[in-house]
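Take a look at the letters that make up each chain.
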Amino acid sequence: RRLGASPKVEAGDTDAQRYEWLSAAQARAICDAASLALQLYWAPFNTQIEICWSDSARHQPGEIGRKVDRFAQALQRQVERWGCQEAGGGFCRIILHQQDPSGVMKSILIGHVPPRHRDDLQRWIRRQRVAGVAQVVILPAKGLTLDKQVQTHWDLVRKFWAGVDPAIRVGNRYPLL
């Protein structure tokens, strides 16, 4: 299930004007989508998957977006095949694309996979063919308290916010510092 955050949120007057930073509007969209995952679906994010793209995928306009969408949709279908009833039966996720200083393009997916399927997820990821390297960075943990599940959810979201322009101000404050 794709949540409401869009990587194409327009920058506002006080938002990041350079490509290398997330704008305040993009950070708000990520927050809204993360809140929706909890409030509407009770799907606390507990999984982080990274795909480091090969040069061949990176040099085709729009190719990474299409490939990561196919990957995420395939994962959603797999989660549904596992019979998961949480999150409306699907894989609630937020996707962020970034390029590191050396030029490597990476897509990061955070989402909810029921903890009982952590081993299934690892096997499924190993079998996927992507134009790059896909790996599970954070697996869903079993037996977490409700508080710990929510904390893990927001910890994953905060990692996305690391890319917010540090110069953004709300009023006279720096909101994420």
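### Topic: the pattern of salt bridges
Here comes step 1: All chains considered together, the criterion is met by three salt bridges.
Here comes step 2: Note that Arg-123 and Asp-120 form a salt bridge whose closest N and O atoms lie 2.5 Å from each other. Note that Arg-123 and Asp-120 are positioned in helix α4 (residues 118–127) at a spacing of three residues, about one turn of the helix.
Here comes step 3: Asp-120 sits in the partly exposed class, given a relative accessible area of 22%.
Here comes step 4: Here Arg-158 ties to Asp-155 by a salt bridge, and the two come within 3.1 Å at their closest N and O atoms. Here Arg-158 pairs with Asp-155, and both are found in helix α5 (residues 146–161), just three residues apart, close to one helical turn.
Here comes step 5: The class for Arg-158 is partly exposed, based on a relative accessible area of 47%.

### Structural notes on the environment of Ala-141
Here comes step 1: The residue Ala-141 is located in the loop between β4 (132–138) and α5 in this model.
Here comes step 2: Through-space distance from the C-alpha of Ala-141 to that of Asn-46 is 7.3 Å; in sequence the pair is 95 residues apart.
Here comes step 3: The residues contacting Ala-141, other than those within four sequence positions of it, are Pro-115 and Arg-118.

### Thoughts on helix α3 (residues 63–81)
Here comes step 1: Relative to the 27 Å expected for 19 residues at 1.5 Å per residue, α3 spans 27 Å between its end C-alpha atoms, a close match to the ideal helical length.
Here comes step 2: Taken as a whole, α3 has its buried residues at Glu-63, Ile-64, Val-68, Phe-71, Ala-72, Ala-74, Leu-75, Gln-76, Gln-78 and Val-79.

### Considerations on the sheet that holds β4
Each strand in a sheet pairs with its neighbour through backbone hydrogen bonds, running either in the same direction (parallel) or in the opposite one (antiparallel).
Here comes step 1: Taken in spatial order, the four strands make up an open sheet running β2-β3-β1-β4, and their pairing is antiparallel. For this open sheet the edge positions go to β2 (93–99) and β4, each flanked by a neighbour on one side alone. Each strand of the sheet is rotated relative to its neighbour by a mean of 20 degrees, with strand direction disregarded.
Here comes step 2: One ladder, built from six bridges, connects strand β1 (residues 47–53) with strand β3 (residues 105–111); its direction is antiparallel. Bridging across to β3, Cys-52 finds its partner in Lys-106.
Here comes step 3: Helix-sheet contacts for α3 involve β1, β2, β3 and β4, and the interaxial angle to β2 is about 150 degrees.

### Remarks on the nonpolar core
Here comes step 1: Residues Ile-30, Phe-45, Ile-94, Ile-110, Val-157, Phe-160 and Trp-161 are the most contacted members of the largest nonpolar core, which totals 22 residues.
Here comes step 2: Going through the elements one at a time, α1 (24–39), β2, β3 and α5 are the ones with two or more residues in this core.
Here comes step 3: The element that contributes the greatest number of residues to this core is α1, accounting for seven residues.
Here comes step 4: Listed in part, the 21 residues of the second largest apolar core include Ile-51, Trp-53, Ile-64 and Trp-124.

### Re the packing of α3 against α4
Here comes step 1: Relative to each other, α3 and α4 sit at 140 degrees, their axes nearing to 12 Å. Taken together, the axes of α3 and α4 are oblique relative to one another. Considering only the axes of α3 and α4, their crossing is right-handed. Residues Phe-71, Ala-74, Leu-75 and Gln-78 of α3 lie in contact with α4, whose contacting residues are Leu-121, Trp-124 and Ile-125.

What counts as what
Each residue is numbered by its place in its chain's sequence as written, counting from 1. With pLDDT at 70 or above as the cut-off, local features in this predicted model cover only qualifying residues; side-chain atom pairs require 80 or more to be listed or tallied, and sums for whole chains, interfaces and linings still use all residues. For side-chain calculations, the full set of non-hydrogen atoms in the structure is used, while hydrogens and water are omitted. Salt bridge, as applied in this entry: a Lys or Arg side-chain nitrogen positioned within 4 Å of an Asp or Glu carboxyl oxygen. Each helix corresponds to a stretch of at least 4 residues labelled H or I by DSSP, and each strand to a stretch of at least 2 residues labelled E; elements are numbered beginning at the N terminus. Burial here depends on accessible area, computed with a 1.4 Å probe over protein chains only, as a share of the maximum for the residue type. Under 20% is buried, over 50% is exposed, and the range in between is partly exposed. Contacts between residues were defined by any pair of non-hydrogen atoms, one from each residue, lying within 4.5 Å. The span expected for a helix works out to 1.5 Å for each residue beyond the first. Pairing between strands requires that DSSP locate at least two bridges from one strand to the other. Here an axis means a line fitted to C-alpha atoms, over the contact stretch when the element is a helix, while the angle between two N-to-C directions is reported on a 0 to 180 degree scale. Take the buried Ala, Val, Leu, Ile, Met, Phe, Trp, Tyr and Cys residues and link them wherever side-chain atoms come within 4.5 Å; each set so joined is a nonpolar core. When describing relative orientation, an angle under 35 degrees is termed roughly parallel and one over 145 degrees roughly antiparallel, while 65 to 115 degrees is termed roughly perpendicular and anything else oblique. With the far helix as reference, a near helix turned anticlockwise by less than a right angle produces a left-handed crossing, and one turned clockwise produces a right-handed crossing.

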